[in-house]
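Listed below are the residues making up each chain.
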Amino acid sequence: HRPRRPMKRTKLINDPAELVALFRSVDSPGRRAVLARLAEGWTPISELQEKFGEEAFSSITYFEKFKLVESRWEVRDGKPEKAYRTFYNAFQISTSFSFEETQELLTVVLMDEAVFEALEVKILEMVGEEGGFANDISRELELTSLQLKGLVRRSVKFDYKGHNIVLIKEEK
């Protein structure tokens, strides 16, 4: 009887804007450490919080939006608790983009946090509770559609639903 090896799950990235999410998922020592711990296997949220503090929650929120982690309920000390692990253990990048598009994406990836937050607030105001048409938002903010897509991929507050940008509803 041979020991079971974990199944190799590869995330295919064929949209250039998805690179923003991938790069931002490891853009800080805290996120990198949380992701590395989750790559080792199922880890209860209490253990993550104990080791990484508030960084654990913000990292998990970000990873969940991009489906980089999966969760399950486990019983620890007689109480149910969520545990997480990485969903993918490999990435395959299969896309091409122009030099101009590369500049646009890198601008979003490397954007100063204060500049990003200011744009995020403007987008939130435009989206409101009902959502907003992506083309109208990009026109109003004088962004290309690729830049807007990158900004949406970077944020955990809104996402695309068809051609609209909508708020992400928090779990209660």
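Residues numbered from 1 in each chain as written. Predicted model: local features only at pLDDT ≥ 70, side-chain atom pairs only at ≥ 80, totals over all residues. Heavy atoms only, no water.

Caption draft 1: Representation of the pairing of strand β1 (residues 10-13) in the model. Only one face of β1 is buried: it carries Lys11 and Ile13, and the other face, with Thr10 and Leu12, is open. Pairing of β1 with strand β5 (residues 90-93) involves 4 bridges; the strand directions are parallel. Directly across from lysine 11, in β5, lies its bridge partner phenylalanine 91. (Buried < 20%, exposed > 50% of the residue type's maximum accessible area, 1.4 Å probe, protein only. Helix = DSSP H or I, 4+ residues; strand = E, 2+ residues; numbered from the N terminus. Pairing = 2+ DSSP bridges.)

Caption draft 2: Quick peek at the sheet that holds strand β7 (residues 158-161). Read across the open sheet, the 3 strands follow the order β6-β8-β7; overall the sheet is antiparallel. Taken across any chain shown, the strands that pair with only one partner, and hence form the sheet edges, are β6 (132-133) and β7. Sheet strands in contact with helix α8 (residues 145-154) are β7 and β8 (164-167), and its direction is about 125° off that of β7. (Contact = heavy atoms within 4.5 Å. Axes fitted to C-alpha atoms, helices over the stretch in contact; angles between N-to-C directions.)

Caption draft 3: Structural view of the packing of aromatic side chains. With the rule as written, the count across this model stands at 3 aromatic pairs. When the ring of tyrosine 62 is compared with that of phenylalanine 66, the centres are 4.7 Å apart and the planes differ by 55°; the resulting orientation is tilted. For tyrosine 62, a relative accessible area of 1% translates into the label buried. For phenylalanine 66, a relative accessible area of 7% gives the class buried. Look at phenylalanine 87 and tyrosine 88: their rings are 4.9 Å apart centre to centre, the planes differ by 80°, and that puts the pair in the edge-to-face class. Accessibility expressed as a relative area gives 28% for phenylalanine 87, which makes it partly exposed. By way of ring pairs, the aromatic residues Phe87, Tyr88 and Phe91 are connected into one cluster. (Phe/Tyr/Trp six-rings, centres within 6.5 Å; stacked < 30°, edge-to-face > 60°.)

Caption draft 4: Main features of the side chain of threonine 43. With respect to the helices and strands, threonine 43 occurs in strand β2 (residues 43-44). Among the residues examined, threonine 43 registers a relative accessible area of 0% and is labelled buried. A polar atom in the side chain of threonine 43 sits 3.3 Å from the side chain of arginine 37. Those residues in contact with threonine 43 that lie beyond four places of it in its chain are Arg37, Leu38, Leu48, Lys82, Ala83 and Tyr84. (Polar contact = N/O pair within 3.5 Å; in protein donor to acceptor, adjacent residues only side chain to side chain.)

Caption draft 5: Fine view of the packing of helix α2 (residues 29-39) against helix α3 (residues 45-52). Interaxial distance between α2 and α3 falls to 11 Å at its minimum, and their mutual angle equals 145°. In this structure, α2 meets α3 at a crossing whose hand is right-handed. Of α3, the residues touching α2 (which contributes Ala33, Val34, Arg37 and Leu38) are Glu47, Leu48 and Phe52. Taken together, the residues that form the contact of α2 with α3 break down as 5 nonpolar, no polar and 2 charged. (Left-handed = near helix turned anticlockwise from the far one by under 90°. Nonpolar A, V, L, I, M, F, W, Y, C, P; charged D, E, K, R; others polar.)

Caption draft 6: Broad picture of the sheet that holds β2. Pairing in this open sheet of 3 strands is antiparallel, and the strands run β2-β4-β3 from one edge to the other. Bordering the open sheet on either side are β2 and β3 (69-76), each of which pairs with just one other strand. Bridging between β2 and strand β4 (residues 79-86) involves 2 bridges; their strand directions are antiparallel. Counterpart to proline 44 in the pairing with β4 is alanine 83.

Caption draft 7: Region of interest: the nonpolar core. In this structure, Ile123, Ile137, Leu148, Leu151 and Ile165 are the most contacted members of the largest nonpolar core, which totals 20 residues. Where this core is concerned, the elements lending two or more residues are α5 (99-110), α6 (113-127), α7 (134-141) and α8. Apart from the residues within four sequence positions on either side, isoleucine 137 is in contact with Ile123, Met126, Val127, Gly132, Leu148 and Ile165. Judged by nonpolar contacts, the second largest core, of 16 residues, contains Phe52, Ala56, Ile60 and Phe66. (Core = buried A, V, L, I, M, F, W, Y, C linked by side-chain atoms within 4.5 Å.)

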